[in-house]
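Fold and contact review
Chain by chain, the residues:
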Amino acid sequence: MAEDRIRRLARKIEDLRRKDESSAARRREIQRQRLEAARQLHCVCQTFVGKINELIKDDQMSLVPSEFPGEAVEDCRWQYMLNVRGRVLLIDLEPPPSLVSTELFRKPYIMQGEVRFFNQELLDDSRVEEHGLFFCPGEGAKDPNGRRQGAWLFWNGRSYKSGPMDDAYFAELMDQLM
């Protein structure tokens, strides 16, 4: 009877190791997805700035940082700024407290943040507009294997509107600042 108990305990310990290895692999995969999500959003910003700057001669829009910062540690935060003549979109990104969350948005997300947009007139009135940002791995286009690639979605808490973070979204925000 004692030997049976010891065998069961040994199996549980082996199962525990496999479970821990599986959890560690999942954390590494989500960290990889977070880095890729931050890179993807920076690319969307670069593309938007490039399209705008192709159409104007003076007063070019800038993106800071102009290049993606690269590797990050697990709790790293990213910040991007789009600016043209004092009209600013400020994007802050960070991982949620847990690996995957639904606390602030109805769809599961692995990155969260805000986009704040303002100009001098809004600052003079002590107003800064803000939308929530979420990277949802279960959204977006499918890859050749049929798996979702993930997508950045915004959430406007005032109007309850949400949608993809794309050129049209950035253009709408900038248009509000003109």
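Residues numbered from 1 in each chain as written. Predicted model: local features only at pLDDT ≥ 70, side-chain atom pairs only at ≥ 80, totals over all residues. Heavy atoms only, no water.

Some thoughts on the confidence of the model for the protein chain
Averaged over the protein chain, the pLDDT score is 85; the fraction of residues at 70 or greater is 97%. No element of the protein chain has a lower mean pLDDT than helix H2 (residues 120-124), which averages 73, and none a higher one than strand S6 (residues 151-156), which averages 92. (pLDDT = per-residue confidence, 0-100. Helix = DSSP H or I, 4+ residues; strand = E, 2+ residues; numbered from the N terminus.)

Some details on the pairing of strand S7 (residues 161-164)
As judged from the four bridges shared by S6 and S7, these two strands associate in the antiparallel manner. Bridged to Trp-155 within S7 is Ser-162. (Pairing = 2+ DSSP bridges.)

Details of the packing of aromatic side chains
To describe a pair of aromatic rings, you give the distance between the ring centres and the angle between the ring planes. Evaluated as defined, the whole model comprises nine aromatic pairs. Centroid distance Phe-105 to Phe-134: 4.6 Å. Interplanar angle 5°. Geometry classified as stacked. Of this pair, Phe-105 sits in the loop between strand S3 (87-94) and strand S4 (111-118) while Phe-134 sits in strand S5 (residues 129-136), placing them 29 residues apart in sequence. Each of the two residues, Phe-105 as well as Phe-134, counts as buried. Here Tyr-169 and Phe-170 contribute two aromatic rings whose centre-to-centre distance is 6.0 Å and whose plane-to-plane angle is 50°, an arrangement assigned as tilted. Phe-170 carries the same exposure label as Tyr-169, and that label is buried. Taken together, the aromatic side chains of Phe-105, Tyr-109, Phe-134, Trp-155 and Tyr-160 make up a single cluster linked through ring pairs. (Phe/Tyr/Trp six-rings, centres within 6.5 Å; stacked < 30°, edge-to-face > 60°. Buried < 20%, exposed > 50% of the residue type's maximum accessible area, 1.4 Å probe, protein only.)

Topic: the pattern of salt bridges
Tallying each qualifying case throughout the model produces 13 salt bridges. For Arg-85, the salt bridge identified is with Asp-59, shortest N-O distance 3.3 Å. One end of the pair, Arg-85, is in the loop between strand S2 (78-84) and S3; the other, Asp-59, is in the loop between helix H1 (2-55) and strand S1 (62-64), with 26 residues separating them in the sequence. The exposure class assigned to Arg-85 is exposed, which follows from its relative accessible area of 59%. Judged by its relative accessible area of 42%, Asp-59 is partly exposed. Notably, a salt bridge pairs Lys-107 with Glu-139, separated by 3.4 Å at the nearest N-O pair. Residue Lys-107 is located in the loop between S3 and S4, and its partner Glu-139 is located in the loop between S5 and S6; the two are separated by 32 residues in the primary sequence. A relative accessible area of 26% means that Glu-139 is categorised as partly exposed. Each of Asp-92, Glu-114, Arg-116 and Glu-130 takes part in a single network of salt bridges with overlapping partners. (Salt bridge = Lys/Arg side-chain N within 4 Å of Asp/Glu carboxyl O.)

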